[in-house]
Amino acid sequence: MENSEKLKELVRQKYSEIALQDKETNQSSCCGSSCCSTEVYNIMSDEYSTMEGYNPEADLGLGCGLPTQFAQIKKGDTVIDLGSGAGNDCFVARAETGESGKVIGIDFTPAMIEKARTNVEKLGFNNVEFRQGDIEKMPVTANTADVIVSNCVLNLVPNKEAVFQEIYRVLKPGGHFSISDIVLSGELPETLVKDAEMYAGCVAGAVQKEEYLQFINSAGFRNVIVQKQKAIVIPDDILKRYLSENEIQSFKSGNTGILSITVFGEKPAEVNAGCCTPGSGCCN
């Protein structure tokens with residue numbers, strides 16, 4: 001527990017700094033961490049700028065996918081964005097859900113919440129709000145959301161299993177999520193895993209793809225599919241901070257893959273009466 005709280009505080013501090021950086025600075029790093037690369041490197045190679053609702057001031061370049069593109073948001077939906085940052089995905093979701101819907105962004109970094117609230121005030125949206133809170137225990141009542149999205153955030157959370165259980169709780173029966181995240185295929189070098197900077201940079205906090213999908217299935221979700229997958233490459237000038245030349249070559253030639261995946265899952269439309277805790281089996 002103590003280690004989890006230390007990791008959360010590390011992320012909070014790092015993303016407080018990131019809230020004050022520009023997009024270009026964030027894009028030259030691992031999910032906005034301070035381990036900047038001199039190489040052209042952007043984990044977020046997907047382009048947001050052509051999407052309706054895109055707001056340049058809310059785009060900090062921190063994502064690893066386009067979850068809203070796959071989220072099947074309909075007019076009038078209530079959408080929740082986990083780790084909402086400066087509000088970029090919220091504003092894209094708002095364009096989909098329209099004036100009759102509602103969008104709630106949740107982030108536990110005060111500086112990000114402040115930046116997002118400033119952005120929404122400029123835009124004049126009265127159906128987009130930002131709440132400060134921990135996504136392991138969301139400040140939202142059960143059965144609230146039609147759709148939940150998140151972009152490169154769960155890899156920063158120590159207890160990913162708890163987040164998926166919370167997503168299940170907060171979604172309405174029949175609701176669904178679309179989440180982009182970083183996962184692994186194979187084992188990272190120990191020096192990368194242990195480094196706090198790389199944890200805040202999204203990589204060291206990632207888990208195996210199979211384990212990640214198991215968290216989703218164990219929480220009670222159905223029709224779970226990987227909507228998109230792409231490889232992530234860490235530039236040499238970042239790897240040199242943690243690995244020797246031989247270790248870099250071994251890492252590159254090995255079976256380890258760092259992947260960005262976008263995953264979709266549905267909460268069953270009918271949940272058994274008297275259902276116990278999601279993931280225990282009796283809710284399925």
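Keep in mind the model is a prediction, meaning the values are calculated, not measured.

1. Section: the state of the cysteines
- Under the definition given, this model contains 0 disulfides.
- You can see Cys64 has no disulfide; the closest cysteine sulfur is in Cys152, sitting 3.2 Å from it.
- We classify Cys64 as buried; its relative accessible area is 0%.

2. Examining the pattern of salt bridges
- Overall, the coordinates contain 6 salt bridges when judged by the stated rule.
- Where Glu129 meets Lys102, a salt bridge forms, and the shortest distance between an N and an O atom there is 3.2 Å. One end of the pair, Glu129, is in strand β3 (residues 128–132); the other, Lys102, is in strand β2 (residues 102–107), and 27 residues separate them in sequence.
- Since its relative accessible area comes to 26%, Glu129 is described here as partly exposed.
- Where Glu129 meets Arg131, a salt bridge forms, and the shortest distance between an N and an O atom there is 3.0 Å.
- When its relative accessible area of 23% is taken as the criterion, Arg131 is described as partly exposed.
- Among the ionic contacts, a cluster of salt bridges with common partners joins Lys102, Glu129 and Arg131.

3. Points about the pairing of strand β5 (residues 171–185)
- Across the 15 residues that make up β5, a large majority, 11, are buried.
- Pairing analysis gives 6 bridges linking strand β4 (residues 145–151) to β5, with the strands arranged parallel. Bridge pairing in β5 places Ile148 opposite Phe177.
- Between the parallel pair β4 and β5, the chain is carried across by helix α5 (residues 160–170), and the sense of this crossover is right-handed.
- Sheet analysis places β5 next to strand β7 (residues 257–266), joined by 10 bridges and oriented antiparallel.

4. Here's the deal with the side chain of Thr78
- Looking at the secondary structure, you find Thr78 in strand β1 (residues 78–82).
- Beyond its immediate sequence surroundings of up to four residues, Thr78 is in contact with Lys102, Thr144, Ala145, Asp146 and Val147.

5. A word on the nonpolar core
- Grouped together as the largest cluster of nonpolar side chains are 31 residues, with contacts concentrated most on Ile80, Leu82, Ile148, Phe164, Ile167, Phe177 and Tyr212.
- Those residues in contact with Phe177 that sit more than four places away from it in its chain are Ile148, Phe164, Ile167, Leu171, Ile216, Phe221, Val263, Phe264 and Gly265.
- Core analysis: the second largest hydrophobic core is formed by 19 residues, Leu62, Ala93, Ala116 and Val149 among them.

6. Brief notes about the confidence of the model for the protein chain
- Confidence in the prediction of the protein chain, expressed as mean pLDDT, is 83, and 76% of residues score 70 or more.
- Across residues 38–44, confidence stays below pLDDT 50; counting only partners more than four residues off in sequence or on other chains, it has 23 contacts.
- Predicted confidence for residues 273–277 stays below pLDDT 50, and this span has 5 contacts to residues more than four positions away or in other chains.

7. Looking at the side chain of Thr144
- Considering the arrangement of structural elements, one finds Thr144 in the loop between β3 and β4.
- For Thr144, a relative accessible area of 19% gives the class buried.
- Looking at Thr144, its side chain comes within polar contact range of the main-chain oxygen of Thr141, at 2.6 Å.
- Every residue in contact with Thr144, bar those within four places of it in the chain, is listed here: Thr78, Val170, Leu171 and Lys172.

8. Some points on the sheet that holds β3
- Taken in spatial order, the 7 strands line up as β3-β2-β1-β4-β5-β7-β6 in an open sheet, and their pairing is mixed. The open sheet has two edge strands, β3 and β6 (222–232), and neither has a second partner. Averaged over all adjacent pairs, the angle separating strand axes in this sheet is 20 degrees, with direction ignored.
- One ladder, built from 5 bridges, connects β1 with β2; its direction is parallel. Each bridged residue has a counterpart across the sheet, and for Leu82 the counterpart in β2 is Ile106.
- Its contacts with the sheet put helix α3 (residues 88–97) on β1, β2, β3 and β4, and the angle it makes with β2 is roughly 165 degrees.
- Contacts from α5 reach β1, β4 and β5 within the one sheet, and its direction differs from that of β5 by about 160 degrees.

9. Quick word on the packing of aromatic side chains
- One pass over the full model with this rule turns up 6 aromatic pairs.
- Plain terms: the ring middles of Phe164 and Tyr212 are 5.4 Å apart, the flat faces sit at 90 degrees to each other, and that makes the pair edge-to-face. Highlighted residues: Phe164 in helix α5 and Tyr212 in helix α8 (residues 209–218), separated in sequence by 48 residues.
- Owing to a relative accessible area of 1%, Tyr212 belongs among the buried residues under this scheme.
- A centroid spacing of 4.9 Å and a plane angle of 85 degrees characterise the contact between Phe177 and Phe221, whose relative ring orientation is edge-to-face. With Phe177 in strand β5 and Phe221 in the loop between α8 and β6, the pair connects residues that are 44 residues apart, well separated along the chain.
- Judged by its relative accessible area of 0%, Phe177 is buried.

Rules and cut-offs
Residues numbered from 1 in each chain as written. Predicted model: local features only at pLDDT ≥ 70, side-chain atom pairs only at ≥ 80, totals over all residues. Heavy atoms only, no water. Disulfide = S-S within 2.5 Å. Buried < 20%, exposed > 50% of the residue type's maximum accessible area, 1.4 Å probe, protein only. Salt bridge = Lys/Arg side-chain N within 4 Å of Asp/Glu carboxyl O. Helix = DSSP H or I, 4+ residues; strand = E, 2+ residues; numbered from the N terminus. Pairing = 2+ DSSP bridges. Right-handed = clockwise from strand over helix to strand, strands pointing away. Contact = heavy atoms within 4.5 Å. Core = buried A, V, L, I, M, F, W, Y, C linked by side-chain atoms within 4.5 Å. pLDDT = per-residue confidence, 0-100. Polar contact = N/O pair within 3.5 Å; in protein donor to acceptor, adjacent residues only side chain to side chain. Axes fitted to C-alpha atoms, helices over the stretch in contact; angles between N-to-C directions. Phe/Tyr/Trp six-rings, centres within 6.5 Å; stacked < 30°, edge-to-face > 60°.

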